[in-house]
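Report on the structure
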Amino acid sequence: MLTHYSATMRRNKVDIITLGCSKNLVDSELLMRQFVANGYNVSHDPEKPEGEIVVINTCGFIGEAKEESVNMILEFAEARKQNKIRKLFVMGCLSERYLEELQTEIPEVDKFYGKFNWKLLISDLGKSYHNELSSDRIITTPTHYAYLKIAEGCNRTCSYCSIPIITGKYKSRSIKEICDEVKGLVNQGIKEFQLIAQDLTYYGLDLYKKYSIAELVREISDIRGVEWIRLHYAYPNHFPTDLLPVMRERVNVCKYLDIALQHSSDHMLQMMRRNIDKATTIDLLHKIREEVPEIHLRTTMMVGHPGETEEDFIDLLDFVKQMRFERLGGFVYSDEEGTYSNRNYSDDIEPEEKYKRLDELMAVQEGIAAEINETKVGKTLKVIIDREEPDFYAGRTEFDSPEVDPEVLINKENKLNISDFYPVTITGTQYFDLIGKINLT
Ligand code: SF4
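Presented here is an overview of the structure given in this document. (Residues numbered from 1 in each chain as written. Predicted model: local features only at pLDDT ≥ 70, side-chain atom pairs only at ≥ 80, totals over all residues. Heavy atoms only, no water.)

1. Considering the nonpolar core
What counts, and what does not: In plain words, nonpolar cores are sets of buried Ala, Val, Leu, Ile, Met, Phe, Trp, Tyr and Cys residues tied together by side-chain atoms within 4.5 Å. Remark: exposure states derive from per-residue accessible area (1.4 Å probe, protein chains only) relative to the maximum for the residue type, with buried under 20%, exposed over 50%, and partly exposed in between.
Ile 150, Leu 195, Ile 220 and Leu 257 are the most contacted members of the largest nonpolar core, which has 61 residues in total. Counting 22 residues, the second-largest nonpolar core is a separate cluster that includes Met 32, Tyr 40, Leu 121 and Tyr 129.

Given below as structure tokens:
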């Protein structure tokens, strides 16, 4: 499907397309700030591209994501051929991983950049990179929340994962640099901070030679105007438990933790090189729930990894039934070249079987999520309003991360302000979401 281009190509206008994860989005936002500092107008993921310059920030994580990135490049390469755009640039994880192949196969692209050298794009246009603005961003999310990238890279060795190949070793940003960025964003009206990294819990080990996520969250939590801090991409092995009292005691730290577990059976955890076993995982989850009452756990599970037996899969289903995660995402194993699994195992589970297992897993989770949702009926929860729809407002509680978790749908009896918090009494559920009404009593 060829994107609908504006009839006229606008000079001095740049369209930035971001694919992949929120970490990529932060890079796009940083690049947008540099373009604006050089006098360009910028737009992000436009419905109708009209800029003379297009930059595609790609994802190279797994098969489906790579395909989406390649298709997007090919689409804009066609527009480049037809002179609908003057310059086409590609950056991010896919071009970090497959630079030479892409350069050979898609010569219509004016230049490919990797994941970390996109700053060169500005000087390649004959413009100057503003170092003083190096952590300033054009926020593309709703004006009350932003993703906050605290580190780049990963030192783990998970068998199936290409991320360390793409991003390299773990590199923490300093606590001062992150807190300065938070203060700047608070001044822009941001209230809610989604903390992200490839591995949040490893934070500080490289820079301060000690686990420092608890200290960082405390420092951010002390900044006036920070209403919500939400933690994503935790890793279970050597989990820094000093984080738990910070989550319990600080009202502006959401009782929410995204911690990817990938599997439960010891056989699979070993083959996946997760460096943790089932018993330790269960102990950790119990400790987290004991120390942070009401915490909502989001996890990610993978099915169809080489060697996964029917017993392993049943173990996973039982584990998910037993642990009752409030939020769970699943995906199938993707055989990524260069990974340990790719070099040492054969991708022996048939695609149909992989997707059958995924469907079964998600069906179990759907039932659990619906039961957990029901327990919220009658409760009054603090909700932030994200957007207004013709018939309702959509918001989230501290237990809901944007774009991946349920929403609270609120009828329009009262006029509400986007980005404000309201006490909402939950009156019902609607599939994945909650239904509520403002409780001003
Ligand atoms: S922790 Fe594992 S799955 Fe996550 S980015 Fe690192 S290697 Fe990949």
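2. Focus: the sheet that holds strand β1 (residues 10-18)
Note the following rule: By the convention used here, strands pair only if DSSP detects at least 2 bridges between them. The way it works is that DSSP assigns letters per residue, a run of H or I at least four long becomes a helix, a run of E at least two long becomes a strand, and they are numbered from the N terminus. By the convention used here, residues are in contact when the closest approach between their heavy atoms is within 4.5 Å. Axis lines are fitted through C-alpha atoms, for helices just across the contact stretch, and the angle between N-to-C directions can take any value from 0 to 180 degrees.
If you trace the five strands from one edge of the open sheet to the other, you get β2-β1-β3-β4-β5, paired in parallel fashion. Unpaired on one side and paired on the other, β2 (41-44) and β5 (111-112) mark the two borders of the sheet. Where helix α1 (residues 22-37) meets the sheet, its contacts fall on β1, β2, β3 (51-58) and β4 (87-92), and the angle it forms with β1 comes to roughly 170°.

3. A word on the pattern of salt bridges
Which entries qualify depends on this criterion: We define a salt bridge as a side-chain nitrogen of Lys or Arg found within 4 Å of a carboxyl oxygen belonging to Asp or Glu.
Taken as a whole and judged by the stated rule, the model has 44 salt bridges. The salt bridge partner of Asp 180 is Lys 176, with a shortest N-O separation of 2.3 Å. Note that Asp 180 and Lys 176 are positioned in helix α7 (residues 175-187) at a spacing of four residues, about one turn of the helix. The partner of Arg 387 in a salt bridge is Glu 389, and the shortest N-O contact between them spans 2.5 Å. Owing to a relative accessible area of 31%, Arg 387 belongs among the partly exposed residues under this scheme. Shared partners join several salt bridges into a network, and the residues in it are Glu 29, Arg 137, Arg 173, Glu 177 and Glu 181.

4. Topic: unusual backbone geometry
Glycine aside, negative phi is the norm for most residues, and most peptide bonds take the trans geometry. Phi angles above zero are rare outside glycine, and Tyr 233 is one such case at about 65°. Examined against the element boundaries, Tyr 233 turns out to sit in strand β10 (residues 228-234). Of note, Glu 294 is a non-glycine position whose phi angle comes to about 70°, a positive value. Checked against the element boundaries, Glu 294 lands in the loop between α11 (278-291) and β12 (296-303).

5. Examining the side chain of Glu 181
Rules: What qualifies as a polar contact is a pair of N or O atoms within 3.5 Å, subject to a donor-acceptor requirement within protein and to the restriction that residues adjacent in sequence count only when both atoms come from side chains.
Within the element layout of this structure, Glu 181 appears in helix α7. For Glu 181, the side chain forms a polar contact with the side chain of Arg 173, separated by 2.7 Å.

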